[in-house]
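Listed here are the chains, written in short residue letters.
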Amino acid sequence: MDSFIIKGDICWSKSKTELNTVRDGYLICEDGVCAGVFRYLPEKYAMLPMLDYSDKLVLPGMVDLHIHAPQYAFRGLGMDLELLDWLKTYTFPEEAKYAEREYAEKAYSIFVSRMIKSATTRAVIFATVHKDATILLMDKMEASGLISYVGKVNMDRDAPDDLREPGAEASAYDTFGWLNHIFGSYTRTKPILTPRFLPSCSETLLNELHEVQRAYEIPIQSHLSENPGEVELVRRLFPKTAFYAQGYEQFGLFGNSGKTVMAHCVYCTPEETELIRKNGVYVAHCPSSNMNLASGIAPVRKYLDMGIHVGLGSDVAAGESESVFRVIANAVQVSKLYWRMADDSCRPLCFEEAFWLATRGGGEFFGKAGSFDPGYEFDAVVLDDRDLFIYNDLTVEQRVQRDVYLGADIDRICAKFARGTRII
Ligand code: GUN
Ligand code: FE
């Protein structure tokens, strides 16, 4: 069934700073695409089946622009470390386990089942360096009905032997093998080129990945200017590049060949920020992760004022939770700290802006997603939040704020749809 009506209390972004709300409205899905929201049911849709969610809250599905599927298994560990120590102590040893099919099968089944239960309908996902485990993850994501980009990670240096790929050629060869294998296999799951971050890629590898990108014309994801220790490491490893992003750009991996999303962007220099804008690179803002790893706070206000594309990322497991609701709340909270403690010219984000980032902002990376405006792909989540408002008569907007801040995505989701397909 991908043409139907949802009746309920509906909310989505009108603009970056305003929400649209319709109490007791009708949201129409026609062949997987949103046909609009109506106060009264138009005659021409009267024959469609109706799902009655009266008194429940209906929101666009959340978009997670940055999450590591293999890290789901160790969420909450090592949260007192900084990035480079956390990678060495927890992340790399955990990711090495995905060489084993049995482990990958178990861990990715849990990851995907949790993604199904969350409010997320779209995600941009890091897998590991392992081709077979990445294909396994893509099979599971496709079967879930969720919409995703999934990347086999590339890393040929600065990592333990049991995780590091044996060389640039081997890494590129496996990447070609992965892409050839999955070509044409899925309708909801797409590949994305995934050099882990500059410290784990030799120049030869970056050059090889440029060839892969040219051959397959796929988008690119990576990390950028996340943590002071990492930025310093890049300076040492790439002494000839003027700034971090240039290390990607000189190999056509920074929005200058394909659509690109970079996680974090906390310490971007003015030149780097300008290159992000000029090349239309998306910033995946990951406030939960940035707090946990003491990475800092990204100047999101500056990025928005410059017209840079920004969305939100959970960055599991550096972010402890896959909840994008939690990330929305954290984005507002860290923006207030940044304004108070670092730069009082950077006005804090209002709730509506953070909600927009989690839906329309990140949704743009997928095309027309993250909105109930007509023509957008139909992604929706329904929350039974009656116990949170029934006794104190909140407006729909107030309910959205409360649901997000109180984590209603944990136990109050009663239905979820991606591209018109029912997931829950
Ligand atoms: N930089 C390189 N790898 C990672 C990772 O797995 N998580 C985070 N947060 N940053 C990274
Ligand atoms: Fe990350």
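See the structure printed just above.
Structure report, in brief. (Residues numbered from 1 in each chain as written. Chains lettered and ligands numbered in written order. Predicted model: local features only at pLDDT ≥ 70, side-chain atom pairs only at ≥ 80, totals over all residues. Heavy atoms only, no water.)

1. Things to note about the overall build of the chain
(1) Moving on: From N to C terminus, the chain includes 14 helices and 17 strands.
(2) Moving on: Over its C-alpha atoms, taken along the principal directions, the chain stretches across nearly 65 × 50 × 35 Å.
(3) Moving on: Counting the 424 residues in the chain, one finds 62% classified as buried.
(4) Moving on: Counted over contacts in the chain with a minimum sequence separation of 6, partners at least 24 positions apart contribute 76%.
(5) Moving on: When the accessible area of the chain is evaluated, it comes to approximately 16200 Å², of which 49% is carbon and sulfur surface.
(6) Moving on: Charged side chains of the chain number 45 positive and 59 negative; the gap between the two group centres comes to 3 Å. (Helix = DSSP H or I, 4+ residues; strand = E, 2+ residues; numbered from the N terminus. Buried < 20%, exposed > 50% of the residue type's maximum accessible area, 1.4 Å probe, protein only. Contact = heavy atoms within 4.5 Å. Areas by Shrake-Rupley, 256 points an atom, 1.4 Å probe, with all protein chains shown as cover. Lys, Arg positive; Asp, Glu negative; His and termini not counted. Charge placed at Lys NZ, Arg CZ, Asp CG, Glu CD.)

2. A few points about the site of ligand 1
(1) Moving on: Taken together, 13 residues sit near ligand 1, with H68, Q71, R196, E226 and D315 positioned nearest.
(2) Moving on: Q71 is positioned with one of its side-chain polar atoms (N or O) 2.8 Å from an oxygen atom of ligand 1.
(3) Moving on: At 2.7 Å from an oxygen atom of ligand 1 is found a side-chain nitrogen or oxygen belonging to R196.
(4) Moving on: Protein burial of ligand 1: of its 280 Å² of free accessible surface, 100% is covered by the chains.
(5) Moving on: Sorting elements by how many residues they give to the shell around ligand 1 places helix α1 (residues 83–96) first, with three residues. (Near = heavy atom within 4 Å. Polar contact = N/O pair within 3.5 Å; in protein donor to acceptor, adjacent residues only side chain to side chain.)

3. Focus: the environment of D156
(1) Moving on: Here D156 is to be found in the loop between β8 (153–154) and α4 (168–182).
(2) Moving on: Each C-alpha atom of the pair D156 and N227 lies 21 Å from the other, and the pair is 71 residues apart in sequence.
(3) Moving on: For D156, the residues in contact, after removing those within four places along its chain, are R164, E165, G167, A168, S200, C201, S202 and L205.
(4) Moving on: At 2.6 Å, the side chain of D156 forms a polar contact with the side chain of S202.

4. A short note on the pairing of strand β13 (residues 282–285)
(1) Moving on: Side-chain alternation along β13 places Y282 and A284 on one buried face and V283 and H285 on a second face that is also buried.
(2) Moving on: Sheet topology places strand β12 (residues 260–264) next to β13; three bridges connect them, and they run parallel. Bridge pairing in β13 places M262 opposite V283.
(3) Moving on: A crossover links β12 with its parallel partner β13, the connecting element being helix α8 (residues 270–278), and its sense is right-handed. (Pairing = 2+ DSSP bridges. Right-handed = clockwise from strand over helix to strand, strands pointing away.)

5. Observations concerning the coordination of the iron ion (ligand 2)
(1) Moving on: Ligation of the iron ion (ligand 2) by protein atoms is provided by H66 (NE2), H68 (NE2), H223 (NE2) and D315 (OD), these donors lying 2.0 to 2.3 Å from the ion.
(2) Moving on: Coordination at the iron ion (ligand 2) is irregular, judged from the four donor atoms that bind it and the angles of 89 to 172 degrees they form at the metal.
(3) Moving on: When the donors of the iron ion (ligand 2) are listed by position in the chain, the intervening gaps give H-x1-H-x154-H-x91-D. Remark: H223 occurs in strand β11 (residues 220–224) and H66 occurs in strand β5 (residues 62–68); sequence separation between them is 157 residues. Summarising the burial analysis for this pair, H66 and H223 share the class buried. (Donors = N, O, S within 2.8 Å, 3.2 Å for Na, K, Ca; no water. Tetrahedral: all angles 85-135°; square planar, octahedral: opposite > 155°, others 65-115°.)

6. A short note on the packing of aromatic side chains
Aromatic ring pairs are defined here through the distance separating the ring centres and the angle between the ring planes.
(1) Moving on: Under the defined criterion, the tally for this structure stands at 20 aromatic pairs.
(2) Moving on: Centroid distance F365 to F366: 6.3 Å. Interplanar angle 80 degrees. Geometry classified as edge-to-face.
(3) Moving on: For the ring pair F378 and F417, a centre distance of 6.1 Å and an interplane angle of 75 degrees mean the geometry is edge-to-face. One end of the pair, F378, is in the loop between α12 (351–363) and β15 (380–383); the other, F417, is in strand β16 (residues 413–418), and 39 residues separate them in sequence.
(4) Moving on: We classify F417 as buried; its relative accessible area is 0%.
(5) Moving on: Among the aromatic residues, ring-to-ring pairing joins F4, W12, F372, F378 and F417 into one connected group.
(6) Moving on: In this arrangement the basic side chain of K16 is found over the ring face of W356, its NZ or CZ atom lying 4.9 Å from the centre.
(7) Moving on: For the cation-ring pair, R399 lies above F389, with the distance from its terminal atom to the ring centre recorded as 3.7 Å. (Phe/Tyr/Trp six-rings, centres within 6.5 Å; stacked < 30°, edge-to-face > 60°. Lys NZ or Arg CZ within 6 Å of the ring centre and 35° of its normal.)

7. Thoughts on the nonpolar core
(1) Moving on: Judged by nonpolar contacts, the single largest core of 121 residues is most densely connected at F111, L137, L224 and I328.
(2) Moving on: Apart from residues no more than four positions distant in its own chain, L137 is found in contact with A69, Y108, F111, V112, I125, A127 and V150.
(3) Moving on: By size, the runner-up hydrophobic cluster in this structure holds 18 residues, among which are W12, L27, V37 and F417. (Core = buried A, V, L, I, M, F, W, Y, C linked by side-chain atoms within 4.5 Å.)

8. Some words on helix α6 (residues 228–237)
(1) Moving on: Every buried residue of α6 is accounted for by E230, V231, L233 and V234. Along the axis of α6, the buried positions cluster into a sector of 160 degrees, meaning they face one direction only. Facing away from the buried side of α6 by over 90 degrees, the exposed positions are R235 and R236.
(2) Moving on: In this structure, the buried side of α6 is in contact with α1 and α7 (244–249).
(3) Moving on: You can read the cap of α6 off the contacts: a side-chain oxygen lies 3.0 Å from the backbone nitrogen of G229, and it is on N227. (Arc of directions from axis to C-beta.)

9. Quick notes on the packing of helix α11 (residues 324–341) against helix α14 (residues 396–406)
(1) Moving on: Contact geometry for α11 and α14: axes closest at 7 Å, N-to-C directions at 100 degrees. The pairing of α11 with α14 is recorded here as roughly perpendicular in orientation. Contacts between α11 and α14 involve F325, I328, A329, V332 and Q333 from the former and D403, V404 and Y405 from the latter.
(2) Moving on: Along the lines of polarity and charge, the residues of the contact of α11 with α14 split into six nonpolar, one polar and one charged. (Axes fitted to C-alpha atoms, helices over the stretch in contact; angles between N-to-C directions. Parallel < 35°, antiparallel > 145°, perpendicular 65-115°, else oblique. Nonpolar A, V, L, I, M, F, W, Y, C, P; charged D, E, K, R; others polar.)

10. Quick look at the pattern of salt bridges
(1) Moving on: Throughout the structure, instances matching the rule amount to 22 salt bridges.
(2) Moving on: Here R399 makes a salt bridge to D9, at a shortest N to O gap of 2.8 Å. With R399 in helix α14 and D9 in strand β1 (residues 4–13), this pair connects stretches of sequence that are 390 residues apart. D9 matches R399 in its accessibility class, with the two residues each being buried.
(3) Moving on: R419 serves as the salt-bridge partner of E377, at 2.8 Å between the closest nitrogen and oxygen. Separated by 42 residues along the polypeptide, E377 in the loop between α12 and β15 and R419 in the loop between β16 and β17 (421–422) bring together distant segments of the chain. (Salt bridge = Lys/Arg side-chain N within 4 Å of Asp/Glu carboxyl O.)

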